[in-house]
Amino acid sequence: EDMVVREVDHRARNAMMVAQSIVNLTFAEGGEDVADKIRERLAALGRAQSLLSKERWSSVDFAAILNQELAPFPTLKATCTGPSVPLGPGMAQTLSLIIHELATNSVKYGAMGQTDGQVFVVWDLLDNLFTMNWSEQVSVPRSQSGTVGTGFGTTLIDRVVRSQLRGQLERHLSTTGFACRLEVPFIPF
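None of these values were measured; they are calculated from a predicted model. (Residues numbered from 1 in each chain as written. Predicted model: local features only at pLDDT ≥ 70, side-chain atom pairs only at ≥ 80, totals over all residues. Heavy atoms only, no water.)

1. A look at the sheet that holds strand S7 (residues 177-185)
Within a sheet, adjacent strands bond to each other through the backbone by hydrogen bonds, running parallel or antiparallel. Strand order in the open sheet formed by five strands is S2-S4-S5-S7-S6, and the pairing between neighbours is mixed. Two strands bound the open sheet, and with one partner strand each, they are strand S2 (77-81) and strand S6 (168-174). For this sheet the average axis-to-axis angle between neighbouring strands, irrespective of direction, equals 10°. Relative to S7, S6 runs antiparallel, the two sharing seven bridges. Each bridged residue has a counterpart across the sheet, and for Gln 168 the counterpart in S7 is Glu 183. (Pairing = 2+ DSSP bridges. Helix = DSSP H or I, 4+ residues; strand = E, 2+ residues; numbered from the N terminus. Axes fitted to C-alpha atoms, helices over the stretch in contact; angles between N-to-C directions.)

2. A few points about the nonpolar core
If you look at the biggest cluster of nonpolar residues, it comprises 36 residues, and the most contacted ones within it are Phe 62, Leu 95, Trp 123, Phe 130, Met 132 and Trp 134. Elements with a minimum of two residues in this core: helix H3 (62-70), helix H4 (89-109), strand S4 (118-126), strand S5 (129-137), helix H5 (152-163), S6 and S7. With seven residues, H4 is the single largest residue contributor to this core. (Core = buried A, V, L, I, M, F, W, Y, C linked by side-chain atoms within 4.5 Å. Buried < 20%, exposed > 50% of the residue type's maximum accessible area, 1.4 Å probe, protein only.)

3. Digging into the side chain of Thr 94
In this structure, Thr 94 sits in helix H4. A polar contact is formed between the side chain of Thr 94 and the side chain of Gln 164, at a distance of 2.9 Å. Not counting chain neighbours up to four residues away, the residues in contact with Thr 94 comprise Val 160, Gln 164 and Leu 165. (Polar contact = N/O pair within 3.5 Å; in protein donor to acceptor, adjacent residues only side chain to side chain. Contact = heavy atoms within 4.5 Å.)

Now the structure itself:
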């Protein structure tokens, strides 16, 4: 019984730390829609918590997290492929936030904001390395390519990939779309 209490306490503290980071970074970002951004980001965290709760906090498949975060975009033309990858609670929550930020940025600046835009998500798990490639194809070419902005979404993704997942992230912006490659050591639940 004591072990269960300690585990619940640990998970609650982790969720609160993530929520606190979301709020602090969102306020630091500023803008007129701070409250909406906080609500959306906390909702992503809540969706991950809900999936984990259904699985009794053992693990949740990456595809379930991905599908849940892309579900609010019913007209999205997304192709998602990869093997079953069971994620522990920490990795599931963090990847949920990352996918939420990628999707949000795509709606604002990329393929999900264009009628004929497409998103491709491919993931794999080899030799204890989880990889995810997110790529977008826009129907209307951009006028510039090269660097990716440094807004909150980018800052959040960079921070959680490095500090919570101990991984790395590469991004590339071209006139025809955006690509992101995530590599993180796989942490079994």
